[in-house]
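Next come the chains, spelled out residue by residue.
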Amino acid sequence: MNGCVRPLSARGKSVKDDWRAWLPEAKAVVFNQQVHQLESSYVMLSVSLDEAIELRQMGQPGKSLQAVGITSGLCRLLTQMLAGLLRALSEHAKHYGTVPTLPPSIPPIFKDRRASVPRA
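What you are looking at is a predicted structure, and each value in this text was computed from that prediction instead of being measured.

Rules behind the numbers
- Residues numbered from 1 in each chain as written.
- Predicted model: local features only at pLDDT ≥ 70, side-chain atom pairs only at ≥ 80, totals over all residues.
- Heavy atoms only, no water.
- Helix = DSSP H or I, 4+ residues; strand = E, 2+ residues; numbered from the N terminus.
- Buried < 20%, exposed > 50% of the residue type's maximum accessible area, 1.4 Å probe, protein only.
- Contact = heavy atoms within 4.5 Å.
- Areas by Shrake-Rupley, 256 points an atom, 1.4 Å probe, with all protein chains shown as cover.
- pLDDT = per-residue confidence, 0-100.
- Salt bridge = Lys/Arg side-chain N within 4 Å of Asp/Glu carboxyl O.
- Expected span 1.5 Å × (residues − 1).

### Observations concerning the overall build of the chain
Then comes step 1: Helix and strand content of the chain: three helices and zero strands.
Then comes step 2: Going residue by residue from the N terminus, the α and β elements of the chain occur as α-α-α.
Then comes step 3: Evaluated residue by residue, the chain yields a buried proportion of 11% over its 120 residues.
Then comes step 4: Across the chain, the fraction of contacts at a sequence separation of at least 24, relative to all contacts at a separation of at least 6, is 54%.
Then comes step 5: For the chain, the accessible area works out to roughly 10,200 Å², and carbon and sulfur atoms hold 62% of it.

Structure, rendered in C-alpha cells:
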C-alpha cells in the first residue's frame, strides 16, 4: 500500500457504506489478488469466445470450433474460482454470523436504470 493509515470503519448503514469502507492492509492484499485472478480468468474466456464468434462470422466454422473447444476449459476455470469464492464467503458468513446489509431478494436495487428487463 502507499503507507497511509486508513481508518477502519464499523459496519455501514447501507451497502454503499460497506463497499466504500477501507479494508485492513492484509485483507486488501487478498481482495486485490482475488480480483486480479477473477478478472484474468474472465478476460481469457471473453477473448476466446470473441474469437470463436468472429471466426464463425467470417465463415471459418472449423477454426471457430477449435476456439470453442478452448472456451470450455476457461469457463470451467472461471466457474471453479467463483464457486470457491462463494463457498469461502458463505463459510465466513456462517462463522461470523454476518448477513448482507440489504436482503438479496430486492432485485430493483441491482437493476441498472439503463437496462431493459422484460417483465414476467
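Further notes follow.
### Let's talk about the confidence of the model for the chain
Then comes step 1: With 69% of its residues at a pLDDT of 70 or more, the chain shows a mean pLDDT of 78.
Then comes step 2: Per-element averaging of pLDDT across the chain places helix α1 (residues 15-20) at the bottom with 70 and helix α2 (residues 25-57) at the top with 93.
Then comes step 3: With pLDDT under 50 throughout, residues 1-9 is counted as low confidence; its partners more than four residues away or in other chains account for nine contacts.

### Concerning the side chain of Ser-41
Then comes step 1: Along the chain, Ser-41 falls in helix α2.
Then comes step 2: Looking at Ser-41, the relative accessible area reads 2%, which means it is buried.
Then comes step 3: Residue contacts for Ser-41: discarding those within four places in its chain leaves Leu-74, Leu-77, Leu-78 and Met-81.

### Comments concerning the pattern of salt bridges
Then comes step 1: Here the structure, examined in full by the defined rule, presents one salt bridge.
Then comes step 2: Residues Lys-94 and Glu-91 are paired through a salt bridge, measuring 3.7 Å at the closest nitrogen-oxygen approach. In this pair, Lys-94 and Glu-91 are both assigned in helix α3 (residues 61-96), three residues apart and thus about one turn of the helix distant.

### Topic: α3
Then comes step 1: For α3, spanning 36 residues, the distance from its first C-alpha to its last is 51 Å, which sits close to the expected 52 Å at 1.5 Å a residue.
Then comes step 2: Those residues of α3 not exposed but buried are Ser-64, Ala-67, Thr-71, Leu-74 and Leu-78.
Then comes step 3: Buried residues along α3 sit against α2.

### Points about α2
Then comes step 1: If you check α2, its first and last C-alpha atoms are 47 Å apart, about what 33 residues at 1.5 Å a residue would give, namely 48 Å.
Then comes step 2: Residues of α2 that are buried: Ala-28, Leu-38, Ser-41, Leu-45, Ser-48, Ala-52 and Leu-55.
Then comes step 3: Structurally, α2 contributes buried residues whose contacts are with α3.
Then comes step 4: Just past α2, the residue Gly-59 takes up positive phi, approximately 80°.

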